[in-house]
Amino acid sequence: MHELSIAQGIVDIVGQYVPRERHETVRLVRIRVGDLAGVVPDSLAFCFTAVTAGTPMAGALLEIEHVPYTIRCTDCANASTTEPGLALCPRCGSTATTIVAGTELQVMTIDVDEETPEHS
Ligand SMILES: [Zn+2]
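Residues numbered from 1 in each chain as written. Predicted model: local features only at pLDDT ≥ 70, side-chain atom pairs only at ≥ 80, totals over all residues. Heavy atoms only, no water.

The biggest cluster of nonpolar side chains holds 19 residues, and the ones touching the most others in it are Ile10, Val26, Val29, Ile31, Leu44, Phe48 and Leu62. Only α1 (2-17), β1 (26-34) and α2 (41-52) provide two or more residues apiece to this core. For this core, the element with the most residues is α1, which contributes five residues. Leaving out residues up to four positions away in the same chain, Ile10 has contacts with Val29, Ile31, Leu44, Phe48, Leu62 and Val107. (Core = buried A, V, L, I, M, F, W, Y, C linked by side-chain atoms within 4.5 Å. Buried < 20%, exposed > 50% of the residue type's maximum accessible area, 1.4 Å probe, protein only. Helix = DSSP H or I, 4+ residues; strand = E, 2+ residues; numbered from the N terminus. Contact = heavy atoms within 4.5 Å.)

With that settled, consider the pattern of salt bridges. As enumerated under the stated definition, the model contains five salt bridges in all. The partner of Asp113 in a salt bridge is Arg27, and the shortest N-O contact between them spans 3.3 Å. Of the two residues, Asp113 is situated in the segment after β6 (105-112) and Arg27 in strand β1; the sequence distance between them amounts to 86 residues. Across the salt bridge formed by Arg30 and Asp111, the nearest N and O atoms sit 3.6 Å from each other. Here Arg30 is found in strand β1, whereas its partner Asp111 is found in strand β6, with 81 residues between them in sequence. Each of Arg30, Glu63 and Asp111 takes part in one network of salt bridges that share partners. (Salt bridge = Lys/Arg side-chain N within 4 Å of Asp/Glu carboxyl O.)

Within the secondary structure, Thr55 sits in the loop between α2 and β2 (61-67). A C-alpha to C-alpha distance of 16 Å links Thr55 and Ala45, two positions ten residues apart in sequence.

Before going further, it helps to spend a moment on the coordination of the zinc ion. Within the first shell, the zinc ion binds the protein through Cys73 (SG), Cys76 (SG), Cys89 (SG) and Cys92 (SG), at distances of 2.3 to 2.4 Å. Taken together, the four donor atoms surrounding the zinc ion define angles of 106 to 114° at the centre, an arrangement classified as tetrahedral. Between the donor residues of the zinc ion, the gaps in sequence give the motif C-x2-C-x12-C-x2-C. Exposure remark for Cys89: the relative accessible area of 3% places this residue in the buried category. (Donors = N, O, S within 2.8 Å, 3.2 Å for Na, K, Ca; no water. Tetrahedral: all angles 85-135°; square planar, octahedral: opposite > 155°, others 65-115°.)

Encoded structure:
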């Protein structure tokens, strides 16, 4: 499953930025996923929960920001969001377009709980 390896990759990235002994303080991982990334957000969120279950990161949330597929026309300079994969400028019909957004698959922020657990 594609999403499962991506979820594991996200956990690996978190591991690079958050010391292992602090994994239990990870509350939220915010990612950006473009239309062209070929990721089903619901499936990715499910896989993230699955790969973190039973680990110190269990309970951490995955927040997915969707990035629409956007092209810019080199003929009329019009930028537009369009159907993923389509290279046609909706304004002038030119196919001389470049992809400016929509291929993202990035971890943006990792929120950790800075509070030390209270033992009262
Ligand atoms: Zn155009």
